[in-house]
Amino acid sequence: MAEAFGDYEELAAGVLPADVRDFVAGGSGSETTLRLNRSALDSVTLTPRVLAEVAEASLRCGLVGGSAAMPVVVAPMAYQRLLHPEGELLLARAAAAAGIPYVISTLSSYPLEKIAGTGPSWFQLYWLRDRAMVESLVDRAGAAGCGALMVTVDVPVMGRRLRDVRNSFSLPPDVVAANLVDAVSEAHVGVPGLSAVAAHTASAFEPAVSWRDLEWLKARTELPLLVKGILDPRDAIRAVEIGADGIVVSNHGGRQLDGAVASVNALPSVVDAVGKECSVLLDSGIRSGTDVLRALALGASGVLVGRPLLWALAVDACDEALALLRKELVDAMLLAGCANVADAARLTTGRA
Ligand SMILES: Cc1cc2nc3c(=O)[nH]c(=O)nc-3n(C[C@H](O)[C@H](O)[C@H](O)COP(=O)(O)O)c2cc1C
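How each quantity is defined
Residues numbered from 1 in each chain as written. Predicted model: local features only at pLDDT ≥ 70, side-chain atom pairs only at ≥ 80, totals over all residues. Heavy atoms only, no water. 1 Å grid on protein atoms, 1.4 Å probe; cavity = no way out; pocket = protein on both sides within 12 Å on 5 of 7 lines; lining within 4 Å. Points joined across faces, edges and corners; volume = space filled by probe spheres on them. Nonpolar A, V, L, I, M, F, W, Y, C, P; charged D, E, K, R; others polar. Helix = DSSP H or I, 4+ residues; strand = E, 2+ residues; numbered from the N terminus. Buried < 20%, exposed > 50% of the residue type's maximum accessible area, 1.4 Å probe, protein only. Expected span 1.5 Å × (residues − 1). Patch = residues over 30% accessible without salt bridge, like charges linked within 9 Å, V, L, I, M, F, W, Y side chains within 5 Å. Areas by Shrake-Rupley, 256 points an atom, 1.4 Å probe, with all protein chains shown as cover. Salt bridge = Lys/Arg side-chain N within 4 Å of Asp/Glu carboxyl O. Contact = heavy atoms within 4.5 Å. Polar contact = N/O pair within 3.5 Å; in protein donor to acceptor, adjacent residues only side chain to side chain. Core = buried A, V, L, I, M, F, W, Y, C linked by side-chain atoms within 4.5 Å. Near = heavy atom within 4 Å. Sits in = over half its atoms within 2 Å of the grid points. Pairing = 2+ DSSP bridges. Right-handed = clockwise from strand over helix to strand, strands pointing away. Axes fitted to C-alpha atoms, helices over the stretch in contact; angles between N-to-C directions. Parallel < 35°, antiparallel > 145°, perpendicular 65-115°, else oblique. Left-handed = near helix turned anticlockwise from the far one by under 90°.

**Student:** Is there a simple way to explain empty space enclosed by the protein in this structure?
**Tutor:** One way to see where empty space is left: roll a probe the size of a water molecule over the atoms. Inspection of the entire model under this criterion finds 2 cavities of 30 Å³ or more. As a volume, the largest cavity reaches approximately 470 Å³. Taken together, 32 residues make up the lining of the largest cavity; nearest its centre are Pro76, Met77, Ala78, His252 and Arg255. Split into classes, the residues belonging to the lining of the largest cavity amount to 17 nonpolar, 9 polar and 6 charged. Approximately 50 Å³ is the volume attributed to the second largest cavity.

**Student:** Please explain unusual backbone geometry as it appears in this structure.
**Tutor:** Most peptide bonds take the trans form, and the phi angle of most residues other than glycine is negative. Backbone geometry at leucine 51 places phi at a positive 50 degrees, although glycine is not the residue there. Inspection of the secondary structure puts leucine 51 in the loop between strand E1 (44-47) and strand E2 (61-63). Of the residues examined, leucine 51 reaches a relative accessible area of 84% and is grouped as exposed. If you check the backbone angles, glutamate 53 has positive phi at about 55 degrees while not being a glycine.

**Student:** Can you walk me through helix H3 (residues 32-43) in this structure?
**Tutor:** Think of an α-helix as turning once every 3.6 residues; residues three or four places apart then point the same way. For H3, with 12 residues, the first-to-last C-alpha span of 16 Å sits near the 16 Å given by 1.5 Å per residue. Taken together, the buried positions of H3 are Thr33, Leu34, Asn37, Ala40, Leu41 and Ser43.

**Student:** Looking at this structure, I do not really get a nonpolar patch on the surface. What am I missing?
**Tutor:** A cluster of nonpolar residues, Val189, Val191 and Leu194, forms a patch on the protein surface that exposes about 230 Å² of accessible area. With respect to the helices, strands and loops of the structure, valine 191 is situated in the loop between helix H7 (162-166) and helix H8 (196-204).

**Student:** Looking at this structure, I do not really get the environment of threonine 152. What am I missing?
**Tutor:** Secondary-structure assignment places threonine 152 in strand E7 (residues 149-152). For the pair threonine 152 and tryptophan 127, spaced 25 residues apart in sequence, the C-alpha separation works out to 7.8 Å. Among residues more than four places away in sequence, those in contact with threonine 152 are Gln124, Leu125, Tyr126, Lys228 and His252. Among the polar contacts made by the side chain of threonine 152, one reaches the side chain of glutamine 124 at a distance of 3.0 Å.

**Student:** Explain the nonpolar core to me, please; I cannot follow it from the model alone.
**Tutor:** As a rule of thumb, soluble globular proteins bury nonpolar side chains together. The biggest cluster of nonpolar side chains holds 112 residues, and the ones touching the most others in it are Leu82, Leu83, Phe123, Leu125 and Ile247. Sort the elements by how many residues they give to this core and helix H14 (residues 318-336) lands first, with 10 residues. Residues within four places of leucine 82 in sequence aside, it is in contact with Leu16, Val20, Phe23, Phe169, Leu171, Pro172 and Val175. Counting residues in each nonpolar core, the second largest holds 14 residues, with Val64, Val73, Leu281 and Leu304 among its members.

**Student:** What is the right way to look at the site of the ligand in this model?
**Tutor:** Among the 22 residues in the neighbourhood of the ligand, the closest are listed as Pro76, Ser105, Thr152, Asp283 and Arg287. Interatomic distance of 2.7 Å between a side-chain N/O atom of serine 105 and an oxygen atom of the ligand. A distance of 2.8 Å separates an oxygen atom of the ligand from a polar backbone atom of glycine 285. Against a free-state accessible area of 610 Å², the protein chains account for coverage of 98% of the ligand. Its atoms largely coinciding with the cavity grid, the ligand occupies the largest cavity. Of all the secondary-structure elements, those providing two or more residues to the shell around the ligand are helix H2 (18-25) and helix H13 (307-314). Residue classes in the shell around the ligand are distributed as 8 nonpolar, 9 polar and 5 charged.

**Student:** Honestly, the side chain of histidine 200 in this entry has me stumped. Any pointers?
**Tutor:** Inspection of the secondary structure assignment puts histidine 200 in helix H8. For histidine 200, a relative accessible area of 5% gives the class buried. Among all residues touching histidine 200, those that are not within four sequence positions of it are Tyr79, Leu107, Leu180, Ser185, Glu186 and Ala187.

**Student:** Explanation requested: the pairing of strand E10 (residues 279-282) in the structure shown.
**Tutor:** Looking along a regular strand, one sees side chains alternate from face to face of the sheet. Of the two faces of E10, the one holding Ser279 and Leu281 and the one holding Val280 and Leu282 are both buried throughout. Judged from the 4 bridges that link them, strand E9 (residues 246-249) and E10 form a sheet pairing that is parallel. Its bridge partner being in E10, valine 248 is matched across the sheet by leucine 281. Where the polypeptide runs from E9 across helix H11 (residues 263-274) and back to E10, its parallel neighbour, the crossover connection is right-handed. Each parallel crossover has a hand, and for E10 linked through helix H12 (residues 289-297) to strand E11 (residues 302-305) it is right-handed.

**Student:** Help me out: how do you make sense of the packing of H12 against H14 in this one?
**Tutor:** Any two packed helices are characterised by how steeply their axes cross, that is the angle between the axes, and by the distance between the axes. Taken N-terminus to C-terminus, the directions of H12 and H14 make an angle of 55 degrees; their axes are 7 Å apart at the nearest point. Taken as axis vectors, H12 and H14 run oblique relative to one another. Handedness of the crossing formed by H12 with H14: right-handed. Seen from H12, the contacting residues are Gly289, Thr290, Val292 and Leu293; seen from H14, they are Leu325, Glu328, Leu329, Ala332, Met333 and Ala336. Considered class by class, the residues forming the contact of H12 with H14 number 7 nonpolar, 2 polar and 1 charged.

And the structure:
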């Protein structure tokens, strides 16, 4: 039993093979950005308001394409059957029960239609070399009832994740890229001194994806479009110009460019640039209700949460984990004198 949302990593450590733990926990290069995400969030201070007559906090909020029971979204994460045989289905069901969107990864290990059937879902798109496959995924996501499309733009190539390289990490035969025609791929072929998952990405992903491709995508789909992996306000402005409905300020949890700015440090300039025109979400390093409040106070409409939910999945505790995160956010809001997310956005922030 966990006492805090941040406890699941330790609990999962007792049940997962070392290479799967490393695949989830790891960042790229020397993991500088992975560490910066945490130290930057820890350094954000909040100035509580007092005597605000707040006995209850309402977490309900508007998110792209609808409303949610709290300003939290389950981040797209590949191959969740690595953590639990029911993988994506279990986590998506917990998200639905908690009243929050679940983002289905292009690289999900159950077919997107099966996951979308469990509750409100968005679909995350990686730009593949095979344009027909991209078109088919977009069409399938729409037909399956996904509420939004989230295109990830920070993976022209995969960051060099040294833990996976050192472990010669590859996927077990029962964990496949269920949405792709080639569900079994290089990702399953262990090669000493190589990450098989990185090898698969190199052959499947289109490194030269461009703003023109995003314009094409926007014209092709009726679904709200979010662009995930933006850190520079100039890119945020460009995304809004092509019609993006939301931006995810993200460095992919420290898994892409090592040395990239901590997401939370990039957030204020992106909010200044486009916050009036579209939703701005934050991810990378969110580990507690206080972190969610920090993001809201800095102008985010909500957050995406990644690894902690995979750790919870590994110990079959997704419902409990989301309830704990909710409780932590309620507690933080009451302590800060916030009755709702609009109050949270008016808090004064500083740096420790
Ligand atoms: C194991 C794992 C798999 C991931 N797979 C994807 C993916 O398929 N698509 C994507 O856009 N982001 C992917 N991400 C990045 C997450 O969506 C998110 O940006 C990141 O995990 C947030 O940081 P956090 O884990 O510190 O919360 C993955 C992250 C992890 C840890």
